[in-house]
Amino acid sequence: MPTTTATHTNRGLLWPAPQWLALFYDLAFAAGIIAIASSYGYDHSLLGAVWFATAYGIIASAWVLTGGATGSFATRQRPVTTPIVVLIVIQMAAVLMLSIASGDTIASSGAVFDGLLAVLLTTCLALGWLARDGAHAMPTRSVVLTVAAVLTLAGSWLLPDAAGLAAWLLALVALAVAAGLVAVDGRIDVHRFAHRLGELTIIIIGEILVKMVLTAGDESLWAVELVELMAALLLLVVAFWAYFTGPVNVTVLTGWRRLLWVSAHWGLHVALLGLAVGLSKLLVDSMALDEPGNVVALLTGPAVLMVGSLALLDWVTGSRRWRMMAAATVGVAAVAAVALVWDLAPTVAAYGVGLVPLVALAISNRAGGMADRPVADVPASEGRAAS
């Protein structure tokens, strides 16, 4: 009987179809997300926020490189082979350990972090070497930059402290550029790429729920505040509604607009992960949100970044809804400012930053901003004209 859910390799082994391998890999990514978000909960200072965003950016760049090498962004899926599965599993282990190490200080785990990052990038290169056919190959410049990143990481340990830190940052820049070149590669199917980013986004939204349940699980059921739970769900509904009625539907996007579209996902995901911490603490009425600065770092600040990223995604993809979402961003920022100056209760601030974009989405929906001209039908040239 023929099967559509598995692929035979040249060694006679039977493996699940490529889309299932991609989701299997995403499971490690999801588990790593919890570890990164937890580290931000312990240190949500400005420096902690920068490191949190950087750690996620590193893993997200590897996710893009892996997707390009395995063909998960291509129309024709690359057959699954045993070497690919072995490399994916090694990379999954590296992602998990790298995420855990991101919660430690550089002084205590710098060598471990860099070593795991080198393993992660090496597996990306190995996957790229296996993908030497024209349909799935990584761009040559991405391969060169990834090799340069690995060598620069190694060299950073041979340099004095200041020069070593500069070299380490240069390696991260090279990694980001390598991932960007994969994102804008002409062999990428934008619809498929959007579908994979949509899967990743819904996983991250799901991880917020997991984080909330794990946090609440440490307390009694009666410690969970129903009013706060509804505020958390309100923010999640806003993110889900705005994203899956707009940016995920794009099918034509080229050049710098595609690169900006991918970069905006990084901002959106960082915001959602920040909210995972804040909403978890809000759910059990944690003392951590008593300080106005903590409300900004864990609740209102991530909400501003989330709505702003959604507005940017709407603009890049040519949706006329972007103006309404931009106005919502200003409104959410105003609520955040009021919450900081007047020391509003965290629950009030949460409802404020949730209701503003919800109203904007409702108004846009009633105005038919998305119905008469779907994002999926907007080519890049028309998107520029619309903006």
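Everything here concerns the structure above.
The sections below set out a description of the structure shown in this document.

1. What about the pattern of salt bridges?
- Under the counting rule described, the total for this entry stands at four salt bridges.
- Two residues, Asp314 and Arg321, come together in a salt bridge whose shortest N-O distance is 2.8 Å.
- Note on Asp314: relative accessible area 1%, which makes it buried.
- On the accessibility criterion, Arg321 (4% relative accessible area) is buried.

2. Let's talk about the nonpolar core
- Trp63, Phe193, Trp261, Leu279 and Met306 are the most contacted members of the largest nonpolar core, which has 110 residues in total.
- Take this core: its biggest share by element is 14 residues, from helix H9 (residues 255-283).
- Among residues more than four places away in sequence, those in contact with Phe193 are Trp63, Phe73, Ala183, Ile188, Trp261 and Val262.

3. A look at helix H12 (residues 346-366)
- Look at H12: 31 Å from first C-alpha to last across 21 residues, which is about the 30 Å you get at 1.5 Å a residue.
- Residues of H12 that are buried in the fold lie against helix H8 (226-244), H9, helix H10 (292-316) and helix H11 (322-342).

4. Observations regarding the environment of Ile202
- Counting through the fold element by element, Ile202 comes out in helix H7 (residues 190-217).
- Each C-alpha atom, one on Ile202 and one on Tyr243, is 9.5 Å from the other, the two residues being 41 residues apart in sequence.
- Not counting residues up to four positions away in its chain, the partners in contact with Ile202 are Phe240 and Phe244.

5. A closer look at the packing of H8 against H12
- For the pair H8 and H12, interaxial distance at closest approach is 9 Å and the crossing angle is 35 degrees. As H8 runs across H12, the sense of the crossing is left-handed. For the pair formed by H8 and H12, the contact residues are Val227, Glu228, Met230, Ala231, Leu234, Leu235, Val238, Trp241 and Ala242 on the first element and Thr347, Ala350, Tyr351, Val353, Gly354, Leu355, Pro357, Leu358, Leu361, Ala362 and Asn365 on the second.

How each quantity is defined
Residues numbered from 1 in each chain as written. Predicted model: local features only at pLDDT ≥ 70, side-chain atom pairs only at ≥ 80, totals over all residues. Heavy atoms only, no water. Salt bridge = Lys/Arg side-chain N within 4 Å of Asp/Glu carboxyl O. Buried < 20%, exposed > 50% of the residue type's maximum accessible area, 1.4 Å probe, protein only. Core = buried A, V, L, I, M, F, W, Y, C linked by side-chain atoms within 4.5 Å. Helix = DSSP H or I, 4+ residues; strand = E, 2+ residues; numbered from the N terminus. Contact = heavy atoms within 4.5 Å. Expected span 1.5 Å × (residues − 1). Axes fitted to C-alpha atoms, helices over the stretch in contact; angles between N-to-C directions. Left-handed = near helix turned anticlockwise from the far one by under 90°.

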